[in-house]
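Now for the letters of each chain:
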Amino acid sequence: MKKLLYYIIAIVMLMLPVTSCDDVLDKQSVDSFNEQVVFSDINVVKAYLGKCYDRMGGNTNAGILGMREDLLSSATDQTLCIHRPANYVNLKGTQSPDQLGFFASNGMGGYLRWPNLYANIQNINNILANIDDVPLTAGQDVLARRLKGEAYFLRAFEYATLLMLHGGVILSSEPWELGQDYSTVNRSTIAQTLEFVLADIASAINILKDYPKIEQGRASMGAAAALKSRVLLFCASELTNGGFQPSNTLVSFPAGSRETLLQQARDAAKDVMDGDYGDYSLVGSTDDPALPLTEAQVQAYSDNYYSIFTQHGKWNSETIWAIQYPLTGGNYITTNRWNGPNGYHNWGNNGPTEPAVRSFEMADGTPFVWDNGQGEYLRTATAAQLAADPLLSPYNGREPRFYAIVLYHGAPWQARPSDAAAFDPYNKVQTGSFYNPDGSLIIAGVDTRQGLIEAWNGTKSGYYLKKLMDPATQGQYFNNTNHWVEFRYAEILLNYAEACIELGGADLQPGLDALNMVRNRAGLPDRVTDDQGEARAFVRHERAIEFFAEGHRFWDLRRWMESENVVEDVYEMKVREYSNGDFEWYYAADLSEGAHREFARADARQWGGDHLYWLPIPRDEMNKAPQLVQNPGYN
Amino acid sequence: MKKTPNCFWSQWPDVSFRRLLLPVKIVVILLFCGLVMPAHSLAADNLQQATVTGTVTDAATGEAMAGVNIQVKGTTQGAITDIAGKYTIANVDGNATLVFSFIGYVTKEEAIAGRSVIDMALNQEITDLDEVVVVGYTTQKRANVVGSVTSLSGEGLTQIPAANINNAISGRLPGTTIMQGSGEPGQQAPRIMIRGRSTLGALTDGYTNPLIIIDGVQGRSMDELDPSDIESLSVLKDASAAIYGATAANGVILITTKKGQEGRPRLNYQFYQGFMTPTIIPDVTNAAEYATMLSEYQVANGKNRTYSDEDIRLFASGEDPWEHPDTDWYGDLIKKWTGTAKHNLSIDGGNRGMTYYVSLGYKTDDAIYKASSTKYKQYNIRTKVEMPITDWLKTGIDVAGFLVNRVYPYKSADAIVGQSTRLVPTSWSFWPTGEPGPDIEYGDNPVETSTFSAGKNDQKTYRLLNTLTSTITVPFVQGLSFTGSFSFDLTNYYQKAFYQPWVLYYPQWENAVRNSQGYITSMPLTPTLRGLSSPQNNERYDRTINQTVNLNAMYQKQFGGHNITLFAGYEQYTNDYNRLQGFRQYYISSLIQTMDAGADQDKNTEGFSTIYARKSLIGRATYDFRGKYLAEIVFRRDGSLKFPEHSRWGNFPGFLLGWRASEEDFWKNNLGFINYFKLRGSYGKMGMDPGAAFQYMNKFGLSSGMVFGTGSSIETTVGPPSVANPNITWETQTTRNIGFDSKWFNDLITLNFDYFFNKREDILTERDASVPNFTGLSLPRENIGVVNNKGFEIEAGFHKSLTPELRLDISGNYGFARNKIVFYDEPARVVPWQVRTGHPYGSILMYNAIGIFENEAALEYPHWTGAQPGDVIFEDVSKDGIINSDDMILFDNTDSPETFYGISIEATWKDFSLQAQIQGQGKFLRRNYYDNRRGEAGNYFQWNYDNRWTPTNTKTNIARAYNRNDYYWSLEVNDSNYWYDNTAYCRLKNVVLTYTLPQNLYRGLGISRASVYVSGNNVALLWTATRKFDPEGGGAGAYPLLKTYAIGANITF
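Residues numbered from 1 in each chain as written. Chains lettered and ligands numbered in written order. Predicted model: local features only at pLDDT ≥ 70, side-chain atom pairs only at ≥ 80, totals over all residues. Heavy atoms only, no water.

1. Let's talk about the overall build of chain A
At step 1: Looking only at helices and strands, chain A has 20 helices and 13 strands in total.
At step 2: Since a compact globule built from 635 residues should have a radius of gyration of about 26 Å, the 28 Å found for chain A is in line with a globular shape.
At step 3: Once the C-alpha set of chain A is aligned to its principal axes, its extents read approximately 120 × 70 × 50 Å.
At step 4: For chain A, with 635 residues in total, the buried portion stands at 65%.
At step 5: Pairs at least 24 apart in sequence give 72% of the contacts found in chain A among residues at least 6 apart.
At step 6: Summing over all exposed atoms, chain A offers an accessible surface of approximately 21800 Å²; the carbon and sulfur share of this is 51%.
At step 7: In chain A, which carries 52 positive and 77 negative side-chain charges, the distance between the mean positions of the two groups comes to 5 Å. (Helix = DSSP H or I, 4+ residues; strand = E, 2+ residues; numbered from the N terminus. Rg over C-alpha atoms; globule rule 2.2 N^0.38 Å. Buried < 20%, exposed > 50% of the residue type's maximum accessible area, 1.4 Å probe, protein only. Contact = heavy atoms within 4.5 Å. Areas by Shrake-Rupley, 256 points an atom, 1.4 Å probe, with all protein chains shown as cover. Lys, Arg positive; Asp, Glu negative; His and termini not counted. Charge placed at Lys NZ, Arg CZ, Asp CG, Glu CD.)

Below is the structure:
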């Protein structure tokens, strides 16, 4: 009997570990949570919306919107991506549903991508579908309503981006669910898409107008109004109004729409200028400058312009909406490392091209002329000639923005890191090389591809992009903390100017006035004309310079259908600095073999036809949804 | 930091030759004693004649044995035991040896050594049919195993100088592919696959990993296991694995560690000291070759030359080391030889049913870097005690502890070894005066970054594995027993990575002193801090707790030739993982490394945790009739935390049948030359539950992303959600296996064969084709994929004692497995040859390189814009005259080799034994470049240089000099099989030559057995399809695989 008792005790003890446990299979997740949690607390919804900001523009990397290693401006004539030039398929004539390059790669581009933009729209639709049911405590309704307004803005932004890339797209204001029938879904017309975007913008403004003082970085009514101005100007341009496939409603508005669209674009900008959405103004003086400017004045105008892109903390009055970056944790950008010269252990990407550099005016507002009697490839000056006429150097006497945007041979920049200091006794950018008067090389510039530091990151165009870099950041070690300005007041002014000029007639002069505000702020004199064509050229030039490297050029070239005129091979701008003070600047030519000159292309480019103005729907998507109508010109 | 010896191990000598000395000393002393002392006793007893008597018993039962033959060795003198097991031999030379032999028992020799009474216990001869095989929860005799189960005893593994046990068993287990990726200390865990792949999903996610069970417990590390502690290892390949149900579809590896044997204490000491050297080092061009090739590229593309002809001449001549170095980066980084060592001391014994086994192990593995920085050290202890409490209750305690220490420099092996193939030879590893030269970028100068000057990453793993077991043998019911066990495994991982800027030396060209020829003779150098802006510290704690509870009942019954075993059990497994990590930087000095000494600014903390749990009901029934007809049913019902309630539980049955045909009369009469033949067949269903838990809900994760407000504060964000699969459940695999085991000509030859067909369904994969991207849904993995996997294994052996002193055992195995994707919701493809369904998993889509454009005329063949003579020709597969993405085709054999084989040879001659394994794999394509920075930004491989296309060498299959990011060579857009090599190979994997020292050398010292050996691992590549890099390792930029030679000893007291 006693033995039996032992058995029972033993068996019970064996059972103990099991029975004393809770059911181990019924557990809450410890590393994640579901939407019930998200939509039970408005603060979590806010955090979810924060993620939607994060993914704006179809982003998947740390950088948001235009701030990335391979700039959108490198998909234009302005700058050259040296590391992955093959990815800019729109400049190679190879863009196709199978080959979207920058617009498809998961790597350094990775934004403006069809799947990512739609993924974020899905997130936003999720929020909009559920936000009204989130239980609120007293006072939280203020936040809840604001978040809804922000969500409308974000959705409008994503759809506007899709519109500008692809034309009319698939529209949905409800989140998609698994198991739905997707096979009958198709693209809306571009007009319907615009309507959808404008409706979201109206919803955003309608809510956000009640929140004038909003947290910096969150969508405001001003941001929504600026988006409205941008997307309307895009739609009012040549590309979508008879320029390409006028009868295809995916990419063109009905005949006769343009006038109305231009008026809408004009009015949208004007509303912002009138202060309806907040007090915005250009930074710096907008008085017509008294010419000629002193060197110090040029520098002051330059610094003022440059400061827009090196803002930290509180925004200035020109900034309508921007993205901020922390030094560590979360999203990060390393603009200085990406774009800075190799002689600073940076990666030298996105260097301006010579044609873009030539497009900067002189300080007095006259066009820069390269050819001073030596042809389009070569320019020389002896030390004595330079002393007598500094303007013999192509880099002297240029307009103030030039000095804020371009790092050229001889430009001042940061102090060199200690290991590079020995190579740069002059403390200036060295995109050229140093020679003895007899033509023998003393040393290749430290910022060239023959330099002694990480030469493969040296510029291929002969320039580095100064704009967007922060002079206070040591790029080789640290992230950047200066903001990316997505919407600024200057864009509103130039949007207005362009809409007015395109409308012509009585609108022409108010358009030029707005244009001149931007010029005057940059230290340049007024443009005066009553010829619409000339005015058009003025505003297009101004946009190229004012928004240099900000990405606008990508949209502008397409809506103006200008690409075929500007897509051309890129060559390296070379500089020889002789020890006696003489200089030689030459482009698209190689003097290293003495009299023998041969061309060394930095990047072969080729325009492949008007269909490239639109991105195709990616092959992958066409395969999954064969009912979708592809953009014209693509199979 | 004050160096405190916090455990006695840290006192062990550190330098490899000193480490070697201690055991060598022991051996030398033993040998010396052995030689001298018996000689002394021999002299005294030399001519004595005596009578020897004794009793012979069966070692297992203790019963007396009649009829045992006893012979005086080398004479005709002898005796036979009587019915009581007794014998008497008169007039025996006192120094003679008696030989005891009896059919079915192991022959034993015993030196008389002057004794007059010699009792002897004989052991029954264990043929491998009697060998006990672990089959999951229970053991079976080999003869009764019906499943496709491979097993291996731990013996013989201990002498192989492989840091990871897996690399010692490679090629020994038919149907098991083991591929070592790296020789880096502490990173040698190989990729293991049983019968290839039957599923989709990347390797890194562990979707193809077999289940590893050590002493019945899941979640224990095989990598750290001390081979000396391994009793046996079994691999379940077919339906027999169904006993492990939901996690068994990739096969199961079962390892059992040693336990004590009853008897007096037995002390065993084993050690080896190994010397390691790289197998193959990828060749790169020297300075003159590199400069030549770069110049060719630059000239061909109208670019400025970086190096003139004069430069090239000087690179070649070496007369100007300051300005024209010829750096062998790899050679400057690594040393020719480095060391590895292992020691193990164990003691076991027991009496009256109580047994114990205690072992201590130490293992160390050094880097091949000259700097000797990277290090792996492991200390392990294992104790197993079994004790009877009453005659019906037995308990066991099993405790194992591991202390694993991995130390690495700041830069990874990839940035050290890989970069050594990339760094240009025209730069300086060291200046002629010895200082480390400048970096290529990021402070990368491997000769410096392989040292601790940039700080170190010190990782410690503390593991404590505990198991308590109780077994009740129910006395009223014969054959019934209950067992309960509880395991509690705790792993703590602590990492401290303190990094700081390091010093590299930069030239001051303007201050150089030059000789009359203009060459620099001396130059001041500027020491410069590189790599990091300030010291930083990253500390991390991980804790893992695994708990396993198992309760089971076993019933065995025999009647009239029928044998029945019934087993039923319940098991519960839980896993709980937590991580906490902190980061600070801007340390005032790298001398103060505590967390608090870092600045407040930009500090960061992170945490992470996961849970997992499973409950299972387990059953097995076996039946056999006289060992002739065998049947087995296994069953498991599993519930997993990963799945929602309604799809949480799954049932996994297995049915196995065997027929030992050779026991039938007709066989014996007609096919007697096949003395053993067993036909086996099995069918079963198993599961796999890969991936993260809680995929059945829309999961939001946390991240810190956006910055809001004028204060630029980082805001925590949530999402984006991964869409739920509310019905997520197991992958299920149906396994069919048919095979036979056979022995021919009286065990002379063995031949075993297995054919299998696995069909894996419900594979978790995205519904890729059906859900367009415009929905923005991030698709969940759903149970929709189907993969077939077929193959076979052959195992053949030859076993013969050629002479009484020479025995030869040769066995070979060959496994083949080919998988085919049957369904994975593939989107439509434009061209049929890009359809992946029907191909094996992992096929790579790329251009087919069909040669090199010989000249301008050859460019008539379709090509990309900008192609030049000397560029790779991509096949125009679509025949449309243009090369675009339609011309890419799928290349198979890029995921893993389909064939894997091994040959084992064991030869014993007198006191010598030789053990060798040959191992190899079939076609397997692997990239032959390390990164895409070759050209201006990196050195070329020698295979890019030799016989490359030049204007004067046009008929070749090697392309012209190229540069990494030129359109044509941008690997992002032009991946082609030009960059891939077949890595099929056959290598002499392991060799061990052992000499057992004659017993008379050490009798009297208490030593019962002593042997010494020399051994090797990765000894030689017998054949390989590519010699560019080690075909087995990780490729051209990976830490090299190492060839190890070792000497060692094994002494039992």
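2. Overview of the packing of helix α5 (residues 140–166) of chain A against helix α6 (residues 190–208) of chain A
Residue and element names in this part refer to chain A.
At step 1: Packing of α5 against α6 leaves a shortest axis separation of 8 Å and a crossing angle of 155°. The pairing of α5 with α6 is recorded here as roughly antiparallel in orientation. Along this stretch, α5 crosses α6, giving a crossing that reads as left-handed. Residues R145, R146, K148, G149, E150, Y152, F153, R155, A156, Y159, A160 and L163 of α5 lie in contact with α6, whose contacting residues are I190, T193, L194, F196, V197, D200, I201, S203, A204, N206, I207 and L208. (Axes fitted to C-alpha atoms, helices over the stretch in contact; angles between N-to-C directions. Parallel < 35°, antiparallel > 145°, perpendicular 65-115°, else oblique. Left-handed = near helix turned anticlockwise from the far one by under 90°.)

3. Focus on the side chain of N944 of chain B
At step 1: Here N944 of chain B shows up in helix α9 (residues 942–945).
At step 2: In contact with N944 of chain B, other than residues within four places in its own chain, are M293, I958, A959 and Y962 of chain B.

4. Looking at the sheet that holds strand β10 (residues 149–153) of chain B
All names here are of chain B.
At step 1: One open sheet accounts for five strands, arranged β10-β15-β16-β13-β14; its pairing is mixed. Looking at the sheet topology across the chains shown, the edges are occupied by β10 and β14 (217–218).
At step 2: As judged from the six bridges shared by strand β15 (residues 230–236) and strand β16 (residues 252–257), these two strands associate in the antiparallel manner. Each residue of the ladder has a partner; that of S234, found in β16, is L254. (Pairing = 2+ DSSP bridges.)

5. Some words on the nonpolar core
At step 1: F153 of chain A together with F774 of chain B are the most contacted members of the largest nonpolar core, which has 192 residues in total.
At step 2: By residue number, the principal contributor to this core is α5 of chain A, which donates 15 residues.
At step 3: Among residues more than four places away in sequence, those in contact with F153 of chain A are M56, A204, A219, A223, A224, L227 and F487 of chain A.
At step 4: Of all hydrophobic cores here, the second largest spans 39 residues; its members include M846, V877, Y929 and W943 of chain B. (Core = buried A, V, L, I, M, F, W, Y, C linked by side-chain atoms within 4.5 Å.)

6. So, the side chain of R191 of chain B
At step 1: Relative to the helices and strands, R191 of chain B resides in strand β12 (residues 191–194).
At step 2: A polar contact is formed between the side chain of R191 of chain B and the backbone oxygen of D895 of chain B, at a distance of 2.6 Å. (Polar contact = N/O pair within 3.5 Å; in protein donor to acceptor, adjacent residues only side chain to side chain.)

7. A word on the sheet that holds strand β7 (residues 120–122) of chain B
Residues and elements named next belong to chain B.
At step 1: In space, the three strands of this open sheet follow the order β4-β1-β7, with mixed pairing throughout. A single partner strand is all that each edge strand has here, and the edge strands are β4 (86–93) and β7. Strand-to-strand, the axes of this sheet are offset by a mean angle of 35°, without reference to chain direction.

8. Here's the deal with helix α18 (residues 552–559) of chain A
Each α-helix winds once per 3.6 residues, and so residues spaced three or four apart point in a common direction.
At step 1: Most of α18 of chain A is tucked away, with eight of its eight residues classed as buried.
At step 2: Its buried side turned inward, α18 of chain A meets α5, α7 (221–235), α15 (489–503), α17 (532–546) and α19 (563–566) of chain A.

9. What about empty space enclosed by the protein?
At step 1: Enumeration according to the criterion identifies 13 cavities of 30 Å³ or more in this entry.
At step 2: Roughly 220 Å³ of internal volume is contained in the largest cavity.
At step 3: Along the walls of the largest cavity sit 21 residues, with L72, Y111, R230, E486 and W555 of chain A positioned nearest its centre.
At step 4: Breaking the lining of the largest cavity down by element, the ones donating at least two residues are α5, α7, β9 (484–488) and α18 of chain A.
At step 5: It is α5 of chain A that contributes the most residues to the lining of the largest cavity, four residues altogether.
At step 6: For the lining of the largest cavity, the per-class residue count stands at 13 nonpolar, five polar and three charged.
At step 7: The calculated volume of the second largest cavity comes to roughly 110 Å³.
At step 8: Lining the second largest cavity are 14 residues, with A817, N819, P840, S896 and E898 of chain B sitting closest to its centre.
At step 9: Considering every element that reaches the lining of the second largest cavity, the biggest residue donor is strand β39 (residues 806–823) of chain B, with three residues.
At step 10: Tallied by class, residues from the lining of the second largest cavity come to four nonpolar, six polar and four charged. (1 Å grid on protein atoms, 1.4 Å probe; cavity = no way out; pocket = protein on both sides within 12 Å on 5 of 7 lines; lining within 4 Å. Points joined across faces, edges and corners; volume = space filled by probe spheres on them. Nonpolar A, V, L, I, M, F, W, Y, C, P; charged D, E, K, R; others polar.)

10. Notes on the packing of aromatic side chains
At step 1: Per the counting criterion, the structure on display carries 81 aromatic pairs over all chains.
At step 2: When the centroid spacing of 4.8 Å and the interplanar angle of 45° are considered together, the rings of W607 of chain A and Y613 of chain A count as tilted. For the pair W607 of chain A and Y613 of chain A, a shared accessibility class is recorded, and that class is buried.
At step 3: Put simply, the rings of W659, F666, W667, F677, F740, F753, F792, Y814, F816 and Y901 of chain B touch in pairs and so form one group of aromatic residues.
At step 4: Cation over ring: R218 of chain A sits above F708 of chain B, and NZ or CZ is 4.1 Å from the ring centre. (Phe/Tyr/Trp six-rings, centres within 6.5 Å; stacked < 30°, edge-to-face > 60°. Lys NZ or Arg CZ within 6 Å of the ring centre and 35° of its normal.)

11. Notes on the pattern of salt bridges
At step 1: All told, the structure shown has 103 salt bridges over all chains when counted by the stated rule.
At step 2: A salt bridge links D210 of chain A to R145 of chain A, with the nearest nitrogen and oxygen atoms 3.0 Å apart. Of this pair, D210 of chain A sits in the loop between α6 and α7 while R145 of chain A sits in helix α5; the two residues are 65 residues apart in sequence, bridging distant segments of the chain.
At step 3: The exposure class of D210 of chain A is partly exposed, given its relative accessible area of 41%.
At step 4: Across the pair R987 of chain B and E1032 of chain B runs a salt bridge whose closest N-O atoms are separated by 2.7 Å. Taken as a pair, R987 of chain B in strand β48 (residues 985–996) and E1032 of chain B in the loop between β49 (1009–1024) and β50 (1042–1052) lie far apart in primary sequence, 45 residues in all. For the residue pair R987 of chain B and E1032 of chain B, the accessibility class agrees, reading buried in each case.
At step 5: Connected via shared salt-bridge partners are E318, E361, E399, R401, K467, R488, R519, R521, R527, E542, E546 and E550 of chain A. (Salt bridge = Lys/Arg side-chain N within 4 Å of Asp/Glu carboxyl O.)

12. Considerations on unusual backbone geometry
At step 1: L291 of chain A connects to P292 of chain A through a cis peptide bond whose omega is -10°.
At step 2: Each neighbour pair has its own omega, and for G719 of chain B with P720 of chain B the value is -5°, a cis peptide bond.
At step 3: Look at F745 of chain B: it is not a glycine, yet its phi comes out positive at around 50°.
At step 4: Residue placement: F745 of chain B occurs in the loop between β36 (731–744) and β37 (749–766).
At step 5: Residue F745 of chain B is classed as partly exposed on the basis of its relative accessible area of 44%.
At step 6: The backbone of N947 of chain B sits at a positive phi, close to 60°, despite the residue not being glycine.
At step 7: Tracing the backbone shows N947 of chain B in the loop between α9 and α10 (971–974).
At step 8: Assessed through its relative accessible area of 42%, N947 of chain B is described here as partly exposed.

The analysis is restricted to geometry; functional conclusions fall outside its scope.
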